Amino acid sequence: MGIATKTTHANKLRYKVLIDRYNDLEPNALRATLGDFFHHDADINVVQPINKIRGGSEYINRLVNPMLGAFNHLYRRADMLFGGEYEGGEWVVSHGHYVGDFCYDWMGIPASQTIVWLHYAEYHRMEDGKAVETYLYLDMLDLLRQIGRFPLQESIGYEGFVPGPATCDGIVPQEQVADESVATLRIVDEMLTRLYTDDEAWRPYWHRNMYWYGPSGYGSQLGIEGFNKFQRPYETIFDKDRVCTNFRKSGDERLDESVNGHFARFADGNFAALGGWPSHGGFMVNDWLGVEASGQLFTVRVADLYRRQGDLLVENWVFVDIIDMLLQLGVDAFANAGIAITSQH
């Protein structure tokens, strides 16, 4: 189906309780709400350097408590919340920022004594009102940028704060018209299958003034030609005959076994979301982010959120675990920033 269902509606209301708790963050109340929200054996995945967590208790101990200790006045403000079904699983997603005064070191990342905005997107697969599978994307490179430790070459796009939907209607707890959800998913699916095409067949699916909110390291772009400043060079770093995505296999057994494709792809009214852990991969044949190409195999953890306006996509929020990608290419972004990450176990 790929769209929001009656079950999705119930899960969104359940998730909104947690969203509201993050916004009015009282630590003990948050811990209790998280303990109730997660299944005790939930499979939780977080970007580098955290990676794998098992269950709500470990999530609280390894992520939440250290953040509460490092960031004074910490809270999380969401500007999107919606959900949908994908391949029999029921999903909810939210997007926004953790906000806090970075007063004490976190995981070895030095405190800046300034307010920071940590961009996030969070996906949960729900069963019987509990989160059993989770993917949390944090733009860690943007955090390094904000504290003056950006370890990469200058981005080709705008580096800065990423807003929520221009229409300010991204919190969608209510049920949406199914036909609207179907229309959104159709446009997203058709556009995705036209990426990596020589004639740039993805272009007709985007509004002329589209905003592509890229991750730190790539930067954001305005307009179709702006987006193409990223997309065309990015496509050229792959050996075009050996690319694996959710929609195609490469024929290389090592690569195809490494790429899982999308764990979720769904629409809810005018909004859609997808994620892959990793979603695609290939062999690097052109230099990228200052890394010299030598045919290296690498995969990419990605999340996308979209807003449709009429028959076109007009906003796209993108998360890429670039730090994980660089590690596969032999580059430690944290080390290059002069940071020694402390153990997360």
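Placed above this text is the structure.
Let me sum up the structure you'll find in this document. (Residues numbered from 1 in each chain as written. Predicted model: local features only at pLDDT ≥ 70, side-chain atom pairs only at ≥ 80, totals over all residues. Heavy atoms only, no water.)

Remarks on the sheet that holds strand E2 (residues 51-54)
- Spatially, the 6 strands line up as an open sheet ordered E2-E1-E6-E5-E4-E3, and their pairing is mixed. The open sheet has two edge strands with one neighbour each: E2 and strand E3 (71-86). Across the sheet, the mean angle from the axis of one strand to that of its neighbour is 20°, orientation sign disregarded.
- When strand E1 (residues 38-46) meets strand E6 (residues 130-138), the two strands line up parallel, connected through 5 bridges. Counterpart to Phe38 in the pairing with E6 is Ala131.
- Relative to the sheet, helix H2 (residues 27-37) contacts E1, strand E5 (115-127) and E6, its axis offset from that of E1 by approximately 100°.
- Relative to E1, helix H3 (residues 55-70) is tilted by about 55°, and along the sheet it contacts E1, E2, E3, strand E4 (89-102), E5 and E6. (Pairing = 2+ DSSP bridges. Helix = DSSP H or I, 4+ residues; strand = E, 2+ residues; numbered from the N terminus. Axes fitted to C-alpha atoms, helices over the stretch in contact; angles between N-to-C directions. Contact = heavy atoms within 4.5 Å.)

Description of the pattern of salt bridges
- Counted under the stated rule, the structure contains 26 salt bridges.
- Linking Lys12 and Asp268 is a salt bridge whose minimum nitrogen-to-oxygen distance equals 2.7 Å. Residue Lys12 is found in helix H1 (residues 6-23), and its partner Asp268 is found in strand E10 (residues 262-268); the two are separated by 256 residues along the sequence.
- Here Arg203 and Glu200 are joined by a salt bridge, their closest N and O atoms 2.6 Å apart.
- Classification of Arg203 as partly exposed rests on a relative accessible area of 22%.
- With relative accessibility at 15%, the residue Glu200 sits in the buried group.
- In this structure, a network of salt bridges that share partners links the residues Glu200, Arg203, Glu225, Arg232 and Glu235. (Salt bridge = Lys/Arg side-chain N within 4 Å of Asp/Glu carboxyl O. Buried < 20%, exposed > 50% of the residue type's maximum accessible area, 1.4 Å probe, protein only.)

Structural notes on H1
- When the terminal C-alpha atoms of H1 are compared, their 26 Å separation across 18 residues agrees well with the 26 Å that a helix rising 1.5 Å per residue should span.
- A side-chain oxygen of the first residue of H1 lies 3.2 Å from the backbone nitrogen of Thr7; this N-cap is Thr5. (Expected span 1.5 Å × (residues − 1). Polar contact = N/O pair within 3.5 Å; in protein donor to acceptor, adjacent residues only side chain to side chain.)

Points about the pairing of E4
- With 13 of 14 residues buried, E4 lies mostly within the body of the structure.
- When E3 meets E4, the two strands line up antiparallel, connected through 13 bridges. The residue bridging Glu85 from the neighbouring strand is Glu90, located in E4.
- Where E3 folds back on E4, the antiparallel hairpin that results is connected by 2 residues, among which Glu87 adopts a positive phi of roughly 50°.

Considering the environment of Arg145
- Note on placement: Arg145 falls in helix H4 (residues 140-146).
- A residue is classified by how much of its surface remains accessible, and Arg145, at 27% relative accessible area, is partly exposed.
- As for Arg145 and Ala337, which are separated by 192 residues in sequence, their C-alpha atoms are 9.8 Å apart.
- Once you skip the residues sitting within four places of it in the chain, Arg145 turns out to touch Phe150, Glu159, Gly160 and Ser216.
- A polar atom in the side chain of Arg145 sits 2.7 Å from the side chain of Asp142.

Section: the pairing of E2
- Bridge analysis of E1 against E2 gives 4 bridges, and the strand direction is antiparallel. For Asp43, the partnering residue across the bridge sits in E2 and is Arg54.
- Taken together, E1 and the strand that follows it, E2, pair antiparallel across an intervening segment of 4 residues.

Re the packing of H1 against H2
- Contact pair H1 / H2: the axes reach a minimum separation of 10 Å and the direction vectors enclose 160°. Between H1 and H2, the angle falls in the class roughly antiparallel. Crossing angle aside, the handedness with which H1 passes H2 is left-handed. In this structure, H1 contributes Arg14, Tyr15, Val17, Leu18, Arg21 and Tyr22 to the contact, and H2 contributes Ala29, Leu30, Thr33, Leu34, Asp36 and Phe37.
- In the contact of H1 with H2, the residues fall into 8 nonpolar, 1 polar and 3 charged. (Parallel < 35°, antiparallel > 145°, perpendicular 65-115°, else oblique. Left-handed = near helix turned anticlockwise from the far one by under 90°. Nonpolar A, V, L, I, M, F, W, Y, C, P; charged D, E, K, R; others polar.)

Structural notes on the packing of aromatic side chains
- Per the stated rule, a full pass over the model turns up 34 aromatic pairs.
- Each ring, one from Phe82 and one from Phe266, has its centre 6.1 Å from the other, and the planes form 70°; the classification is edge-to-face. One end of the pair, Phe82, is in strand E3; the other, Phe266, is in strand E10, and 184 residues separate them in sequence. Comparing Phe82 with Phe266 shows no difference in burial state: the two are buried.
- Relative to Tyr306, the ring of Trp206 has its centre 6.2 Å away and its plane inclined at 45°; by these criteria the two rings are tilted. Residue Trp206 is located in strand E7 (residues 206-213), and its partner Tyr306 is located in strand E12 (residues 297-309); the two are separated by 100 residues in the primary sequence. Assigned by exposure class, Trp206 and Tyr306 land together as buried.
- Among the aromatic side chains, those forming a connected cluster through ring pairs are Tyr196, Trp202, Trp206, Trp212, Tyr218, Phe227, Phe230, Tyr234, Phe238, Trp288, Phe298 and Tyr306.
- Just above the ring of Tyr120 sits the side chain of Arg76; from NZ or CZ to the centre is 4.2 Å.
- In this structure, Arg242 packs its charged tip against the face of Phe283, placed 3.7 Å from the ring centre. (Phe/Tyr/Trp six-rings, centres within 6.5 Å; stacked < 30°, edge-to-face > 60°. Lys NZ or Arg CZ within 6 Å of the ring centre and 35° of its normal.)

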